[in-house]
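Breakdown of the fold
Given next are the chains, with one letter for each unit.
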There are 2 protein chains.
Amino acid sequence: MKATINDVAKQAGVSIKTVSRVINNEASVRQLTREKVQRAVDELNYQPNLSARNLAGAKSYSIAYIYDNPNAYYIIDMQKGILSACKQQGFELLIHPCDSKSQGITEEVVNMVKQARIAGLILTPPLSEMPEFVKTLVDLDVKVVRILSGDVAPDDLSPCVMVNDRDAAQTITQHLIDLGHKDIGFLAGDAVHMSTIERYKGYRRALKASNIEFNKALVIEGSYSFDSGVSGAKELMSVQTANPRPTAIFSCNDEIAAGALFAARLMNISIPEQLSIVGFENSPFSRQTWPKLTTADQPNNQIAEDAAMLLISQIRKQKNPITISQYVPKLIVRDSTAQCEKL
Amino acid sequence: MKATINDVAKQAGVSIKTVSRVINNEASVRQLTREKVQRAVDELNYQPNLSARNLAGAKSYSIAYIYDNPNAYYIIDMQKGILSACKQQGFELLIHPCDSKSQGITEEVVNMVKQARIAGLILTPPLSEMPEFVKTLVDLDVKVVRILSGDVAPDDLSPCVMVNDRDAAQTITQHLIDLGHKDIGFLAGDAVHMSTIERYKGYRRALKASNIEFNKALVIEGSYSFDSGVSGAKELMSVQTANPRPTAIFSCNDEIAAGALFAARLMNISIPEQLSIVGFENSPFSRQTWPKLTTADQPNNQIAEDAAMLLISQIRKQKNPITISQYVPKLIVRDSTAQCEKL
DNA sequence: TTATTAATTGACAGCGCTGTCATTTTTTTA
DNA sequence: TAAAAAAATGACAGCGCTGTCAATTAATAA
């Protein structure tokens, strides 16, 4: 029923070792032989048995995705991308949810890596932002690829896939500026997350580039949640004598933006006529609010696939130098932003 | 470094086959021997090698979770529960996202099962609600456990874990009735989903139990989305001469409820004073709205773990008859419901 | 007690593949 | 052209475990 390497060998008229060489893309196989084998592989629809490979070889064909992120949409997207790379490359994916704040997290992961003979790991924030943790893992005999917020890798511990939130935030802020907004509020996400910091930097940079004076009172600390968006927007929009009331709000993600939208409704502020609001992430959230959110699209699926491919090529020692690929989320203009009406 | 079955055998002074018997919980091992081996296993912190097991044995130690559900929170929860069962039982989990509406879905899954030597599958809605699909899989040599909405299994194709949405919906509707509400709107989810149908039945049953006349005009068709909640609530709450304006709304899930909440705000209807709204699912959503939603808690994590355990025991042929376990989501009263003010 | 049966245990092959190393074939050099 | 070097291929063991079946031991019957 299912073809084995033996069947292929017979069909191609070579030894199983030669078949093994072909499917592992090793050198020192004549072109002619390689084609012969490849044909047999195709005819029999042969796929190597992962268990046997893992057992026999020194190498491992398993990678793991370790996550701790309250945002389920993010994880599902990532997972899908990684899975897609694994399928293409004949790798197996282990999923490991965990709690980054727990005491024994490092030991837990180290054990897992040893036990399951994991060849590589994919780390997303906040795990990818924990240097100690990453260092411990890299010192083990396991490849690591991190997905991080920023434009350059913070160190050379491992290859990284960078998501340039800063440039994206600048672009999206610029979009508001282009619409005539000058008093732009900033609703921050969790301050410990790099993404918040980067998005803040982009916001500042855009203001500076347009010679708009930065007003600290328009920056509200918070967290990546709907609630935070509600309270932050309320604070921003309540009448204050000293500060101008903002005509636009930059929210660090779509959830916050949804909260801000909600608060605006409570305060009878019409969106986008009286107030423009932007989100970040292009999560399903942003299409479910009314009006739909202008946001920055982060192709998580693609980012994850890219990261997994990078990891696998590292494992295969296809010695491409430590590549850093970079993504810049793209502006998506929807219905929550409009020309500034204030004169 | 990592202990093998050989190490354990030596340490215990028995043959590897005996160790194998102990770890597989086979009969015909003397109690004394069993303890001796168990001690060695513990001392060496031995864990059987999955690849070797999969390769050597006729059995497989892999199960798969096949999903297609737009609700990421649901999937993450499920996945976590399944993963937990797998860890306990020494099984491996394959994750397979897919599109239930695609043409070749059945073939795709069948192939996967064959290729990866999957011993069992866990199916959640909407896949678990596709009889043809399930039948094809059951006819293969693979165990299936479905998670379904309802109180009894629709057939005896496979064991099921039932989530009794009907009783839960009745309870939650009763909660509204207890608060004095009589005109209770119903915002449906996708009509093709069993969960919508069951929740609707529970709603009807509660009305009947309290001798409240059913009013078809208060039932709005829709889908499981925020938008649907917004438009549905608008429709319900717009002034209609013929129908009483509802004082409470039953929403088929939290997203719909969040939408209804939003619409109410737009219409200057205060929650919960003028209108009570309930959700369903207890998703993170329900804690992020303001006011927080009264809802029905569905312990997805636990349900999934239960399903996985059931599946694994099936695979192990621990011939407990086809068990159907049932969960009834529990009412969680938060801030979106209050005494009816209408006299 | 001894013969018979049942319960335990172990020896060994083999799952499908890769690593090592010997063998064969091809290419290069003298 | 023969000898040496390099490239290509194959034979075989073994990864860690389970299945089969034979060997041993304990329990029961005669």
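All residue numbers refer to positions counted from 1 along the written sequence of the respective chain. Lettering of chains starts at A and numbering of ligands starts at 1, both following the order in which they are written. Restriction of local features to residues with pLDDT of at least 70 applies here, the model being predicted, together with a cutoff of 80 or more for giving and counting side-chain atom pairs; totals for whole chains, interfaces and linings are based on all residues. Hydrogen atoms and water are omitted, and side-chain values are computed over all heavy atoms in the structure.

This part covers the pairing of strand β5 (residues 160–163) of chain A. All names here are of chain A. Here β5 shows two buried faces, one formed by Cys160 and Met162 and the other by Val161 and Val163. A pair of strands is treated as paired once DSSP finds two or more bridges between them. The helix and strand labels rest on DSSP assignments: H or I over at least four residues marks a helix, E over at least two residues marks a strand, and numbering proceeds from the N terminus. Alignment of strand β4 (residues 143–149) against β5, held across four bridges, turns out to be parallel. What sits directly across from Ser149, in β5, is Val163. For the exposure calls, accessible area comes from a 1.4 Å probe over protein chains only, and a residue counts as buried if that area is under 20% of its type's maximum, exposed if over 50%, partly exposed in between.

Accessible area lost when the parts come together is the quantity often used to give the size of an interface. Residue contacts are defined here by distance: any two heavy atoms, one from each residue, within 4.5 Å place the two residues in contact. Of the residues lining the interface, 38 residues belong to chain B; the matching set on chain A comes to 38 residues. Buried area between chain B and chain A, both sides added, is near 3500 Å², and the carbon and sulfur share of it is 60%. What counts as a salt bridge is simple: a side-chain nitrogen of Lys or Arg found within 4 Å of a carboxyl oxygen of Asp or Glu. The interface formed by chain B and chain A contains zero salt bridges. Under the rule applied, a polar contact is a pair of N or O atoms within 3.5 Å (in protein, one hydrogen donor and one hydrogen acceptor; residues adjacent in sequence only if both atoms are side-chain atoms). Where chain B meets chain A, there are five residue pairs in polar contact (both at pLDDT 80 or more). For the side of chain B that touches chain A, the secondary-structure elements that each account for two or more residues are α4 (50–56), α5 (72–89), β2 (92–97), α6 (105–115), α10 (226–237), α11 (254–266) and α12 (284–288) of chain B. A total of eight residues in the side of chain B that touches chain A trace back to one element, the largest contributor, which is α5 of chain B. Classification convention: Asp, Glu, Lys, Arg as charged; Ala, Val, Leu, Ile, Met, Phe, Trp, Tyr, Cys, Pro as nonpolar; all other residues, Gly among them, as polar. Residues belonging to the side of chain B that touches chain A are distributed by class as follows: 18 nonpolar, 11 polar and nine charged. Two parts placed together each lose some accessible area under a 1.4 Å probe, and the buried area is that loss summed for both.

Another aspect to go through is the packing of aromatic side chains. Two aromatic rings, drawn from Phe, Tyr or Trp (for Trp, its six-membered ring), form a pair once their centres lie within 6.5 Å of each other, and the interplanar angle then sorts them: stacked below 30 degrees, edge-to-face above 60, tilted otherwise. Under the definition given, this model contains 21 aromatic pairs over all chains. Judged by centre distance (5.7 Å) and plane angle (75°), the ring pair of Tyr73 of chain A and Tyr73 of chain B falls under edge-to-face. Residue Tyr73 of chain A is located in helix α5 (residues 72–89), and its partner Tyr73 of chain B is located in helix α5; the two belong to separate chains. Residue Tyr73 of chain A is classed as buried on the basis of its relative accessible area, which comes to 13%. A network of ring pairs unites the aromatic residues Phe186, Tyr200, Tyr203, Phe214, Phe250 and Phe280 of chain A as a single cluster. A cation sits over an aromatic face here: Arg53 of chain A above Tyr61 of chain A, 4.4 Å from the ring centre. By definition, being over a ring means that NZ of Lys or CZ of Arg is both within 6 Å of the ring centre and within 35 degrees of the ring normal.

With that settled, the discussion passes to the packing of helix α2 (residues 16–23) of chain B against helix α3 (residues 31–44) of chain B. Residues and elements named next belong to chain B. The angle between two axes is taken between their N-to-C directions and runs from 0 to 180 degrees, where each axis is a line fitted to C-alpha atoms and a helix contributes only its stretch in contact. As a packed pair, α2 and α3 sit with axes 10 Å apart at the nearest point and diverge in direction by 90°. In terms of axis orientation, α2 runs roughly perpendicular to α3. Note on element contacts: α3 touches α2 through Thr33, Arg34, Val37, Gln38 and Val41, opposite Thr18, Val19, Val22 and Ile23. Here is the rule for angles: anything less than 35 degrees is roughly parallel, anything more than 145 is roughly antiparallel, 65 through 115 is roughly perpendicular, and the remaining ranges are oblique.

With that out of the way, let us pick up the sheet that holds strand β6 (residues 184–187) of chain A. All names here are of chain A. Spatial strand order, β7-β6-β8-β9: four strands in an open sheet with parallel pairing. Edge positions in the sheet fall to β7 (219–220) and β9 (276–278), since each of these pairs with one other strand and no more. Pairing geometry for strand β8 (residues 248–251) and β9, over three bridges, is parallel. Of the residues in β9, the one forming a bridge with Phe250 is Val278. Helix α8 (residues 165–178) contacts β6, β8 and β9 of the sheet and is inclined by roughly 170° relative to β8. In the packing of helix α9 (residues 194–209) onto the sheet, contacts are made with β6, β7 and β8, and the angle to β6 comes to roughly 170°.

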